[in-house]
Amino acid sequence: MGNSGGSLAARTTGELHQLMRAAGFTGVDDTEALAGGWQVTEFADAGRRGLANLVQRTGAPAVMVSFFDSDVGFIEAATPDGSAWEGLLNREKAEDYEVPMEHFPVEPAVAGALAWSAAAGLTPDEEAIRQTLTGSALFAEELCSALLVALGIPGAP
């Protein structure tokens, strides 16, 4: 049982893996280019302030999901103006791990996701976001992919 890395989506014209390393991420894989300047990649560890550091370096929004045993996903998202939100993927499995669910209420996460998407210039699907944040899957990575699509990230896998 333990951390199994994470996935990150960010909009940048720079080399995302280099920017991530400079921001404190480790074990960064090659990036996949999506539409609209978005890129996605996997990583081993984000460090204590990795996401905030990355957003500051790129000047653009980013969202990441850190996985716990591929069963649970902890979402963090931020924008350059300091807006941020957190959420949880695979709530049913998270309960099995005794994750304190009161720290991850659904409605504030949905509101945060919608505001983050708007700040990123995206067109989110509110119902799909809610379904992703309340749904379950064998692997949290499946819900992560669905979340990126729901947030409106163009070309998300």
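Keep in mind that this is a model prediction, so the values were computed, not measured.

Rules behind the numbers
Residues numbered from 1 in each chain as written. Predicted model: local features only at pLDDT ≥ 70, side-chain atom pairs only at ≥ 80, totals over all residues. Heavy atoms only, no water. Helix = DSSP H or I, 4+ residues; strand = E, 2+ residues; numbered from the N terminus. Rg over C-alpha atoms; globule rule 2.2 N^0.38 Å. Buried < 20%, exposed > 50% of the residue type's maximum accessible area, 1.4 Å probe, protein only. Contact = heavy atoms within 4.5 Å. Areas by Shrake-Rupley, 256 points an atom, 1.4 Å probe, with all protein chains shown as cover. Pairing = 2+ DSSP bridges. pLDDT = per-residue confidence, 0-100. Axes fitted to C-alpha atoms, helices over the stretch in contact; angles between N-to-C directions. Parallel < 35°, antiparallel > 145°, perpendicular 65-115°, else oblique. Left-handed = near helix turned anticlockwise from the far one by under 90°. Nonpolar A, V, L, I, M, F, W, Y, C, P; charged D, E, K, R; others polar.

What is the right way to read the overall build of the chain from this model?
Looking only at helices and strands, one finds six helices and six strands in the chain. Mapped in sequence order, the helices and strands of the chain form the string β-α-β-β-α-β-β-β-α-α-α-α. Its C-alpha atoms give the chain a radius of gyration of 14 Å, near enough to 15 Å, the size a compact globule of 157 residues would have. Dimensions of the chain along its principal axes, counting C-alpha atoms only, are 40 × 35 × 25 Å. In the chain, which comprises 157 residues, the proportion classed as buried is 49%. Across the chain, every contact between residues at least 6 apart in sequence was considered, and the portion connecting residues at least 24 apart equals 56%. When the accessible surface of the chain is summed, it comes to about 7300 Å², and 49% of that surface belongs to carbon and sulfur atoms.

How should I be thinking about the environment of G24 in this particular structure?
For G24, the position within the fold is in the loop between α1 (16-23) and β2 (32-33). The spatial distance from the C-alpha of G24 to the C-alpha of S4 is 17 Å, given a sequence separation of 20 residues. The contacts of G24, once residues within four sequence positions are left out, are D45, A46 and G47.

Where do I start with the pairing of strand β5 (residues 72-78) in this structure?
A regular strand carries its side chains on alternate faces of the sheet. By the criterion of burial, β5 is predominantly enclosed, with five of the seven residues buried. Between strand β4 (residues 62-68) and the antiparallel strand that follows it, β5, lie three residues; D69 among them carries a positive phi value of about 55 degrees. Judged from the six bridges that link them, β5 and strand β6 (residues 84-89) form a sheet pairing that is antiparallel. Following the sheet pairing, G73 is matched in β6 by L89. Hairpin connection between β5 and β6: a loop of five residues separates the two successive antiparallel strands, and G82 in this loop has a positive phi of roughly 95 degrees.

Any chance you could explain the confidence of the model for the chain here in plain terms?
When pLDDT is averaged along the chain, the result is 93, and 98% of the positions lie at 70 or above. For the chain, per-element mean pLDDT is lowest for strand β1 (residues 3-11), which scores 89, and highest for helix α5 (residues 126-134), which scores 97.

Where do I start with the packing of α5 against helix α6 (residues 140-151) in this structure?
Packed helices, taken two at a time, are described by the angle between their axes plus the distance between the axes. Interaxial distance between α5 and α6 falls to 8 Å at its minimum, and their mutual angle equals 160 degrees. As far as their axial angle goes, α6 and α5 are roughly antiparallel. α6 is crossed by α5, and the crossing has left-handed handedness. Packed against α5, whose contacting residues are A128, I129 and T132, the element α6 presents L143, A146, L147, A150 and L151 at the interface. Taken together, the residues of the contact of α5 with α6 break down into seven nonpolar, one polar and no charged.

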